[in-house]
Structures are given as structure tokens and as C-alpha cells.
Amino acid sequence: MNGAMQTHNRPPHPAPLEDPAPILEMRGISQIFPGVKALDTVDIKLFPGEVTALIGENGAGKSTLVKILTGIYRPNEGEILIDGQAVSFANAQAAIDAGVTAIHQETVLFDDLTVGENIFLGHAPRTRFGMIDWREINNRSLGLLQALESEIDPTIRLRDLSIAQRHLVAIARALSVEARIVIMDEPTAALSRKEIDDLFRIIEGLKRQGKAILFISHKFDEVYEIAENFVVFRDGRAVGHGKLPETPQQDIVRLMVGRDVKDVFPKVKVEIGAPVLRVEGFTHPTEFRDIFFELRRGEILGVYGLIGAGRSELCQALFGVTRASAGRLVLEDTPISIGSSGDAIRAGIVYVPEERGRHGLALPMPIFQNMSLPSLSRTSRGGFLKAANELALARKYAERLDLRAAALSVPVGTLSGGNQQKVVIGKWLATKPKVIILDEPTKGIDIGSKAAVHGFIGELASEGLSIIMVSSELPEILGMSDRVMVMREGLAAGMFDREQLSAETLVRAATGNA
Amino acid sequence: MSDVTNTKRVIPDRLGTKASRILASWEVLLFAVAVAIFVFNALASPYFLDVWNLSDATFNFTEKAMIAFAMALLVIAGEIDLSVAAIIALASTAMGGAAQMGIGTAGLVAIGLGVGLACGAVNGLLVSGLKLPSIVVTIGTMSLFRGISYIVLGDQAYGKYPESFAFFGQGYVVWAFSFEFVLFAALAIVFAILLHATNFGRQIFVIGNNEFAARFSGIPVERVKFILFLLTGLMSGVAAVCLTSRLGSTRPSIAQGWELEVVTMVVLGGISILGGAGTIGGVVIAAFVMGLVTFGLGLLNVPGIVMSIFVGLLLIITIAVPIIGRRIREMR
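- An unreviewed UniProt entry annotates chain B as Autoinducer 2 import system permease protein LsrD originating from Neorhizobium lilium.
- The UniProt entry for chain B carries this comment under Subunit (unreviewed entry): "The complex is composed of two ATP-binding proteins (LsrA), two transmembrane proteins (LsrC and LsrD) and a solute-binding protein (LsrB)."

Have a look at this one:
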């Protein structure tokens, strides 16, 4: 190992006993945009060798803080101190020079460049003659990647890597500058449990090198696992901070939402009825095989597994977007064949996709036209549109889902993630389905809307809808499901009743570790 | 159940008044341009305001506009057809050959439309069947279709069309309203209804805005695209009948370069070249604007080369203006 990771000759930090001097301190930072105070006199301290978790709902000001720390915004008030010296970042480069680096939610990487090029893009080492020093790039990339316990070859193209490997490249890129302060903005959003464990090992390594880490995440279990300190943001203010293991989750949630959330996952007692959908030997040429399950009226079937286990592919085949190569579907005692999503919708099976913006909505089009889309045959007459019927249908489901929008004619793209999800769910409920498949229904949604979506899913089940819910969030799976099917490498690795459910059982089944 | 407030929010159907929405549209701006050009032409040339001159001027755009209507639907759906002018050449050649063999007017029209449909089907199969990009497919078929015309005709021309065939391009329905102009108006209404008032039209918009979401919503994307290519082929066939009838002869170079003028008309009419947005009304106004400009320049004895420069500039300006406007608004 060589390069940037070692060049700071700080002694490895022993586990801090009393509060050491902070590496970075922000005092009274305010950021004002026209009409909004995005941050209001915020104080934050980051300590060497410690992870500080930044927790808050969407819109609480977390991203603004990241942008200030990375030199993209200049705060209107307050000061930033590094090692006790006041600094101000004129631009992004100044922040990097001061030793701050960030791993963003979605780091922009380039598919057609090599791993090394991606890591050193913009700050490539030069030879004496001012040419790019390729050997140095590849050597240092290799060093960085090996420090991350990865065997990726720096000369291969990014497009040949898996998502998890790309994530490592993004981390290597962030660490390729000499940084003492590392900001991680929802780094686990796209990762499976195993990859998260790998990431946490990397973070532990960074801690040992004495780096200060700001860790932004929605997920409490992760925060408790990795962080020493926490800061909670609400409406642009830092409303609380403290040490982590000591502070119970309820307290943090209360700080976040400003009120008590009695139970984040309200499981409604529902009478489970007769079988609705029977899946027998469902098989896809490459993604999954031999899937058997039965879904009953009012039942929520959780589907858990690592990324790549074939969960989304199974759902998409049930919905007719991709074709299964073998197997049988029986809906209410009638065998059905689904060749297209149109067939599935007519049969009463609908799918709320994981990627809302990409697969679920036409973002530039009005809310009501998105809502009415699969129901056009009912709202129209003789193939001619009836806007009044569409608006009435959209209004009905907007009210039911407590949609927040300026008007039903505004583009869906102007809504927040939570409200966009409500439009997708509404559009499918309007088709009066029998089975609704939810793929990561609360991914990227802030905790307030999450509770609303969970409550709503429970309501649907109690009205007799059968629900298949794919989720990577264990608390969600554990809290909501009547039964859970675990998938691993395209196979059903286990089916568990509610009484048998525990985090350990599911993780063991999903990873195959006995 | 949820801890959100229980007070029902009332969400209005739409924002602003209908008048304010219409006034802010591209079509109104374009209409103002059309009026300005009309007034300018009337002042610049004493011959402009003559009814029969104006009637003649409509031939500058009617045939192209018929294709532009179908092209607009295709562009909104995120596809394009650059082979339309070549389809005219092939359809016209087929009609010429048939006329040579003594086939009557009805038969010729059927052949013209049939060739148009067949060419549209070829494009449609390649794009929606084999999932090839339409810009490449139709550049290919553009050469292919016109190439067949050149092989059949060489430097010859077909010219013996039945007398009654002349009506489509030279006849008048009432007073100064030509058959072509009446057909143009009727097709404008049909296409406007198809795009803006039917489920099929809504599907076109959804496909253009997000093809994945369209597919995930049960829309038969490939079928819709195939139909749109068929429709564009058919309209090219209709234009071929009108143009051949008007010229009374067929050369393989017939309608050379029209695809660009048709695309210009579509874009000028406010159809987003990226797909997903636009109106038939905009295309109708754009047709008049282009017709008036060509006619006005003709009256002023401006040579044809200059006109093509003008069409090119028009295309660039139309694409640039909204983008520059948006940047200015964002800077404020």
C-alpha cells in the first residue's frame, strides 16, 4: 500500500478516551436561499478516529451541509475551523486542498474509462514533461484498492464491474486525495448487507488512521453499528447531539420528527383469507428458478435477499415485463398466462417498481395523467379521453393517500420522492388489483412519509388485497410481513412464518452462512 | 393509523386560468410570428394579397404538412422517419410505372398509398421488431427507397398520367380552396383529435416521456410505434399522390430534401425533438409560417438557394430560442 493513504504521517490514533480536539468544527453556520433558511446557526464537531452520524429527514439540511463542507456553497454566517484555524473554501478544490473529501450518494463515474482513470480524473499525477503519468495512476490506484481489500485491476473498464465494485472505486476516488475528513452521504443506499459489512470494515480502517468521518444515513441499525457520535438535523437546525450507544433509538426518532412515533412499523391484525395467487415452479432462463409460493387474501408476503438474488426479476416476470421460461401461475383457481404487463394488469396483478422515476412515472406529465394511465379504458369512452373522469379518479386516490401537491395538473417530477411514490401506488390501486407487488416501497423516502406508506400498506392488506413486498431493509421486512420468502442466487432459500422471524434467521438464509 | 394530520387537503385540478395557460404557449408566439410575416409580405409586395396568389402559395406547404402531422406523432413518441421523401419517390415511381401500363386513377391512388404503407411497414418492423434506432434505420431506407427509383427510372421520367388523376394536385373543391388545401385542413383535424383526444394519443406522449414507464404501465410500446411508422408511410403515400398529380410527371429526384423541411416544420411547430411534448396546432401554424416565408421570398425574387439557407437558420433558431430563454429565466 502506498500513496495518499499513508502520506499523512499522523500516528495511528488510540481509542479516544476523553473528547480530543476536533479536527473540524463548524460554528453558527447559516445558509440562506431566497425564501428559505436551509441551515440555521448549526454547530458541528468532527473528531479524529471517530464516526459522527448525521441524521435527519429529507429536507432537514443534510445535503446543504455537505455542499458547504465540500466548497460548493459558501455559508452566509458562521465559521469553519480545521485544527482550530478558521478556513473558508472558495471552491470545491479549496475544500479538497484543506483535506475534506466526500463520497456522494451517487458518485458520477464513467463507464468507458478505466478504474484508474476514474479514480484520478481531474487530479491525475503528471510526469516531468507534464504528460499524464499512467504508471503512477495505475500503481496508486492499485494501492488504494488493495487498502480497501479489493482485487480490482485498475486498467479494466468501469462498465465491467459490479455495482458493489463500482462503489469501491468511488470510495477509492474519494480517498485518492489526501483527506483527513471523509464525508459519506448515504453510502449504503445501494448496497446489500454483505457489501455494507465490507464498507464498515473499510470505515474501521479509516478510523484507525485517525480520519474524522461524517456518516449520513437513514438507517438506524447501521448508525448504531458504526458511529460514535450523532447529530440530528430538523428543519435546518441541529436539534440534538450526543454519544451513540447510550442514546436510545426512540429519542433520536423523536428528535428527527419532532414528535413521538409510537411504532414505526404498525402491523395491523388482518384475517388471512383464501389463496389468491399460486406460483408453481416459476423459472427464468438466467435470474431465478423453481420458485413456489402461495399468496393469500390480506396477506403480506415479504421477499428478502441480497442484491442480485433475483427478487426484482421474479417480480418483473410475475408482472409480465420479462418472460418466465417455465412454471405455472394460478390466480383464484384459474391458470393464467402472462405475456405482457397488459396481461398482468388485466388479471389484477400490478407492480410498484423500485426505480420510481425510471420505471414508474412519466415525470414531465401531470399527476392526473400518470394516475389514470393504466385505467384509461375505464376513464375514457370509445377510445376518447375524458379529462373530467381522469381528474376525478386522480382526486380520489390523491385524497386517500394524502398526496401533497399544488394541483393535479402539475408534473409529477415536481413532487418529493414520497409523494411520487404515492402517485405510483395510487395509479395501481385505481386499477382495483387483486395482487400488488411492492419493490422496495420506501427506498429513498424520508421517515415521515415512510410511516405513512407503511400504514397504508397495512390498510390495503386489511381491505383484502394480497401484497408481495420486496425489501432490503430488515426492520421493514420484519415489521410488516406475515410470511417471508428469502431468495439467494435465484433460488428460494427459505420460507418463514411470522413467529419464526428474526433478523439472524433471515440474514443467514440470505447469505447462506450456516 | 398514520400520524399525519387528518385534515383533508384540497388539491385544485389545475393552476392558473385557461387563458393564462394558452397565452404562455409556444403556439401563440408562433402565431404572432405568422401574422408578422403576413403583414410584412403584404407591405413588401403588391401581389401578395391576391386571393389566387395566396391559394397558390398553400401548395408550398400542404403536401409537406400532411407528412409533418404523422411525423409529429412519431417525434413525440421519441422516434423519427427520415425516409419520407424517399417514400414519395418510390410511390411516385410505382404510380408512374402503373400509369404507363394503362392503370386508371383509382388504381394509381391505391398503388401510391399501398407503397407508402409498405415502406412504413418496413421501417416499423426494423425499428419496433428488431429494436434498431430509427434514425439509423430510416437513413438506410432513405437511400434504399430512392435507390430503387433511380434503378427503375435512371435519367428517364414517367409522364403519362390519366387526365382525371390531375385533380388531386391541381383541382379546386370550392372557389380558391384547392383539393390539397381541403385535405390538409381535414387531416389537421383528424390528427389533432387522434393525438390530443384519444387514449392512443396519450400513449404516444407517455412513450415519448418515459418508454420504461409506458411498458411498465401496460402500454404495447412496440405496437404503438409500428402503427406510427405505418401512419407516416401512409401520409408519405398521400403526399406522393398529391405531388405527382400536381407535377404530372415523376423523376427519381422528386421531393429531394423534403425530409429536412418536414422535420423543420415539426420542430418549428413546438414538437420537442427529444419527444414527449407538442401539439398538432403548432405544426399547422408552422406550416403556414414556412409557406408564407417561401412565398414571400419568391415574390421578392429571392433565389432558391437562399431559401434553403433560410430554412436551415429557421431550424437552428427554433431549437435555440426556447433553450436560451430557459437559461435567461434560470439566471434571474
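1. Some details on the packing of aromatic side chains
Thought 1: Considering all chains together, one arrives at 23 aromatic pairs over all chains under this definition.
Thought 2: In textbook terms, an aromatic cluster arises when at least three aromatic residues are bridged by ring pairs, as seen for Phe61, Phe69, Trp175, Phe177, Phe181, Phe184, Phe191 and Phe288 of chain B.
Thought 3: The positively charged end of arginine 358 of chain A is found above the aromatic ring belonging to phenylalanine 212 of chain B, 4.5 Å away from the centroid.
Thought 4: Over the ring of tryptophan 258 of chain B we find lysine 64 of chain B, and its NZ or CZ is 5.0 Å from the ring centre.

2. What about the nonpolar core?
Thought 1: Ranked by internal contacts, the top residues of the largest apolar core, which has 100 residues, are Phe69, Phe191 and Ile204 of chain B.
Thought 2: Core analysis: the second largest hydrophobic core is formed by 70 residues, Leu295, Val303, Leu314 and Met485 of chain A among them.

3. Brief notes about the packing of helix α2 (residues 26-44) of chain B against helix α14 (residues 280-299) of chain B
Residues and elements named next belong to chain B.
Thought 1: Close contact between α2 and α14 brings their axes to 9 Å; oriented N to C, the two are set at 20°. Taken together, α2 and α14 sit at an angle that is classed as roughly parallel. Remark: the crossing between α2 and α14 carries left-handed chirality. On α14, the residues that touch Glu27, Leu30, Phe31, Ala34, Ile37, Phe38 and Asn41 of α2 are Gly281, Gly282, Ile285, Ala286, Val289, Leu292, Val293 and Gly296.

4. Comments concerning the domain arrangement of chain A
Thought 1: Here chain A is partitioned into domain 1 (4-14 + 31-257) and domain 2 (275-511).
Thought 2: For domain 1 of chain A and domain 2 of chain A, the distance between their C-alpha centroids amounts to 34 Å.

5. Describing the UniProt feature "transmembrane region" (unreviewed entry) in chain B
Residue and element names in this part refer to chain B.
Thought 1: Mapped onto this numbering, the UniProt entry annotates "transmembrane region" (unreviewed entry) at residues 28-49, 69-91, 103-126, 132-153, 173-195, 226-248, 260-293 and 305-325.
Thought 2: Helix makes up 92% of residues 103-126 and strand 0%, with an end-to-end C-alpha separation of 32 Å.
Thought 3: For residues 305-325, the helix share is 100%, the strand share is 0%, and the end-to-end C-alpha distance is 30 Å.

What counts and how
Residues numbered from 1 in each chain as written. Chains lettered and ligands numbered in written order. Predicted model: local features only at pLDDT ≥ 70, side-chain atom pairs only at ≥ 80, totals over all residues. Heavy atoms only, no water. UniProt positions renumbered as here; feature names shortened; annotations may be inferred. Phe/Tyr/Trp six-rings, centres within 6.5 Å; stacked < 30°, edge-to-face > 60°. Lys NZ or Arg CZ within 6 Å of the ring centre and 35° of its normal. Core = buried A, V, L, I, M, F, W, Y, C linked by side-chain atoms within 4.5 Å. Buried < 20%, exposed > 50% of the residue type's maximum accessible area, 1.4 Å probe, protein only. Axes fitted to C-alpha atoms, helices over the stretch in contact; angles between N-to-C directions. Helix = DSSP H or I, 4+ residues; strand = E, 2+ residues; numbered from the N terminus. Parallel < 35°, antiparallel > 145°, perpendicular 65-115°, else oblique. Left-handed = near helix turned anticlockwise from the far one by under 90°. Contact = heavy atoms within 4.5 Å. Domains from an automatic or database assignment.

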